[in-house]
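Topology and contacts: notes
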Amino acid sequence: MVAHADPKAPTMTHPTSTTLRWNWPHLAVLAGLPPFAWLCSMAALSAAAMLTLGTLLSLAWLMWAERRWPARPGWSPGAGDLARDGAFLGLNAVTDAAGGLVLAWLALSIAAMVPGAAADWSPWIAVPAAVALGELGPYALHRWAHRGGWGWRVHALHHAPVRVNASNNLTAHPVNVLWNQFARTVPWLVLGFDPLVIAWASLFIQVQSFAVHANIAGTLGPLNRWIGTAELHRWHHSTVPAEALNFSTALPLWDQVFGTCRAPCGRGPAQVGITDLPPTRGWAMWRKMLLVPICPRCA
Ligand SMILES: [Zn+2]
């Protein structure tokens, strides 16, 4: 395959910022999650409100930190990128809500059939277990999607941007959003996790999905072995297939278990994006990538 040659693509250089040794903005988000979740519980916020507020606050913080301490200045989103990401935010919010309705019905049906084995677990055990379990299905589907065929036609949309930053985590095909949502949530329902545990695990996974895309300088050092980081995930967006490992998002656990982990080694990929973009650009390209997997004739 010939590498995608977009004249507007930023020049890919290796990390240039030396202003941060540690990626403390990511650490600050992680440290802020427990008190945030506790405050939301005290305020009796619904799980949906907590997720929405936590996601938006984290995204705003990460995008501010990206501007202040970019890992690669060429990866800052332009106005066109933000318009695209905003459009996908709207589309996928509707998709997520529709998937949530089906899952709510499933939750009631499953609760009537299966005793909640995990319902009485301590949150100290249940939340990490729910996060690890919630990552397994999306990890398996993510690996499958990268093997090509219809799965790749759906997932390629997320890899199409030629910059990796927090907001383009939103740029994903709605079908991709749905399969992740179901693969993550159905095992939680079958095991009968407490709804509050599910809400906390969802918040952690959601916030991590933005943080691992954030274009913020600095490292998380030894924590790369335990949690998902931008250092790990940038490799996943490499145009070089052999480098595009690290299929997990919130935790590197399943990559380590199944041998698909590519550890950071002081630099990131030379170029990110995909090599098989449609021969169109701008909104026409995004429309085509949306339609091809679900209605090839309409594309
Ligand atoms: Zn991928």
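Residues numbered from 1 in each chain as written. Predicted model: local features only at pLDDT ≥ 70, side-chain atom pairs only at ≥ 80, totals over all residues. Heavy atoms only, no water.

**Let's talk about the coordination of the zinc ion**
Worth spelling out the cut-off: Metal donors were taken as nitrogen, oxygen and sulfur atoms no farther than 2.8 Å from the ion, or 3.2 Å where the ion is Na, K or Ca. Water is excluded, so coordination may look unfinished. Type-normalised accessible area, obtained with a 1.4 Å probe on protein chains alone, sets the label of each residue: buried when under 20%, exposed when over 50%, and partly exposed for intermediate values.
Bound to the zinc ion are the protein donor atoms His142 (NE2), His146 (NE2), His155 (NE2), His159 (NE2) and His236 (NE2), situated 2.1 Å from the metal. Each donor residue of the zinc ion lies on the same chain, and together they follow the pattern H-x3-H-x8-H-x3-H-x76-H. Judged by relative accessible area, histidine 146 falls into the partly exposed class, the value being 25%.

**Topic: the packing of aromatic side chains**
Counted only if it meets this: The rule is short: rings of Phe, Tyr and Trp, with Trp giving its six-membered ring, pair when the centres are within 6.5 Å, and they are stacked under 30 degrees, edge-to-face over 60, tilted in between.
A complete count under the given rule lists 12 aromatic pairs for this structure. Seen from their ring centres, tryptophan 64 and tryptophan 69 are 5.6 Å apart, and the 90° between their planes marks the pair as edge-to-face. Judged by relative accessible area, which is 9%, tryptophan 69 ranks as buried. In this structure an aromatic cluster arises from ring pairing among Trp24, Trp61, Trp64 and Trp69.

**Structural notes on the environment of arginine 143**
Quick note on the threshold: In this description a helix means any DSSP run of H or I spanning at least four residues, a strand means any run of E spanning at least two, and both kinds are numbered starting from the N terminus. Working rule for contacts: check all heavy atoms of both residues, and any pair within 4.5 Å makes them a contact.
Within the secondary structure, arginine 143 sits in helix 4 (residues 123–145). Sequence separation of arginine 143 and leucine 245 is 102 residues, and the distance between their C-alpha atoms is 8.8 Å. Leaving out residues up to four positions away in the same chain, arginine 143 has contacts with Phe247, Phe258 and Thr260.

**Here's the deal with helix 5 (residues 149–159)**
Of all 11 residues making up helix 5, eight are buried, and the element is well covered by its neighbours. Looking at helix 5, one finds that the buried residues are Gly151, Trp152, Val154, His155, Ala156, Leu157, His158 and His159.

**Structural notes on the environment of alanine 28**
Its place among the elements puts alanine 28 in helix 1 (residues 24–42). A C-alpha to C-alpha distance of 31 Å links alanine 28 and glycine 99, two positions 71 residues apart in sequence.

**Looking at helix 4**
Definition in use: Helix span, expected: 1.5 Å multiplied by one less than the number of residues in the helix.
In a regular helix each residue adds 1.5 Å, so 23 residues correspond to 33 Å; helix 4 covers 33 Å between its end C-alpha atoms and thus fits that length. The set of residues buried in helix 4 consists of Ala126, Val127, Ala130, Val131, Ala132, Gly134, Glu135, Gly137, Pro138, Tyr139, His142 and Ala145.

**Concerning the side chain of asparagine 169**
The line we're drawing: Polar contact criterion, stated in full: a pair of N or O atoms within 3.5 Å, where within protein one must be able to donate a hydrogen and the other to accept it, and residues adjacent in sequence count only if both atoms are side-chain atoms.
Its location among the elements puts asparagine 169 in the loop between helix 5 and helix 6 (174–191). Residue asparagine 169 is classed as buried on the basis of its relative accessible area, which comes to 15%. Polar side-chain contacts of asparagine 169 include one of 3.5 Å to the side chain of histidine 213. Among all residues touching asparagine 169, those that are not within four sequence positions of it are His158, Ser209, Phe210 and His213.

**Some thoughts on the packing of helix 6 against helix 7 (residues 195–211)**
Under the convention used in this document: Axis definition: a line fit to C-alpha positions, over the contact stretch in the case of helices; interaxial angles, taken between N-to-C directions, run 0 to 180 degrees. Each angle gets one of four labels, with under 35 degrees taken as roughly parallel, over 145 as roughly antiparallel, 65 to 115 as roughly perpendicular, and the rest as oblique. Take the far helix as your reference; a near helix turned counterclockwise from it by less than a right angle gives a left-handed crossing, and one turned clockwise gives a right-handed crossing.
Relative orientation of the contacting elements helix 6 and helix 7 amounts to 160°, with a least axis distance of 12 Å. With respect to their mutual orientation, helix 6 and helix 7 come out roughly antiparallel. Crossing of helix 6 over helix 7 shows right-handed handedness. Judged by residue contacts, Arg184, Trp188 and Leu189 of helix 6 engage Ile198, Ala201, Ser202 and Ile205 from helix 7.

**Details of the nonpolar core**
Using the following cut-off: Remark: nonpolar core denotes a set of buried residues (Ala, Val, Leu, Ile, Met, Phe, Trp, Tyr, Cys) joined through side-chain atoms within 4.5 Å.
Within the largest apolar cluster, 42 residues are counted, with the highest numbers of intra-cluster contacts made by Met50, Leu62, Val131, Trp188, Phe193 and Phe204. Element by element, the count of residues in this core is highest for helix 7, at 10 residues. Counting 11 residues, the second-largest nonpolar core is a separate cluster that includes Phe88, Met285, Trp286 and Met289.

**Thoughts on the pattern of salt bridges**
Put simply, the rule reads: Counted as salt bridges are all cases of a side-chain nitrogen of Lys or Arg within 4 Å of a carboxyl oxygen of Asp or Glu.
This structure, assessed with the given rule, holds three salt bridges. Note that arginine 84 is salt-bridged to aspartate 81, the shortest N-O span being 3.6 Å. Here arginine 84 pairs with aspartate 81, and both are found in helix 3 (residues 79–113), just three residues apart, close to one helical turn. The burial state of arginine 84 is the same as that of aspartate 81; both residues are buried. Owing to a relative accessible area of 14%, aspartate 81 belongs among the buried residues under this scheme. Connected via shared salt-bridge partners are Asp81, Arg84, Asp85 and Arg163.

**With respect to the packing of helix 2 (residues 47–68) against helix 7**
So the rule is basically this: Think of it as three bins: nonpolar holds Ala, Val, Leu, Ile, Met, Phe, Trp, Tyr, Cys and Pro, charged holds Asp, Glu, Lys and Arg, and polar takes everything else, Gly as well.
At a closest axis distance of 10 Å, the pairing of helix 2 and helix 7 adopts a crossing angle of 20°. For the element pair helix 2 / helix 7, the angle class is roughly parallel. Crossing handedness for the pair helix 2 and helix 7: right-handed. Contact with helix 2, carried on its side by Ala47, Met50, Leu51, Gly54, Thr55, Ser58, Leu59 and Leu62, involves Ala199, Trp200, Ser202, Leu203, Gln206, Val207, Phe210 and Ala211 of helix 7 and no other residues of that element. Taken together, the residues of the contact of helix 2 with helix 7 sort by class into 11 nonpolar, five polar and no charged.

**Comments concerning the confidence of the model for the protein chain**
We count it as follows: Residue-level confidence of the predictor is summarised by pLDDT, bounded by 0 at the bottom and 100 at the top.
Of the residues in the protein chain, 92% reach a pLDDT of 70 or more, and the chain-wide mean stands at 88. Between residues 1–18, whose pLDDT stays under 50, and residues either more than four places distant or in other chains, the model counts 35 contacts.

**A few points about the side chain of asparagine 215**
Within the secondary structure, asparagine 215 is located in the loop between helix 7 and helix 8 (230–236). When near neighbours in sequence (up to four residues on either side) are disregarded, asparagine 215 contacts Glu66, Trp69, Pro70, Ala71, Arg72, Trp75, Ser76, Val164, Asn165, Ala166 and Arg234.

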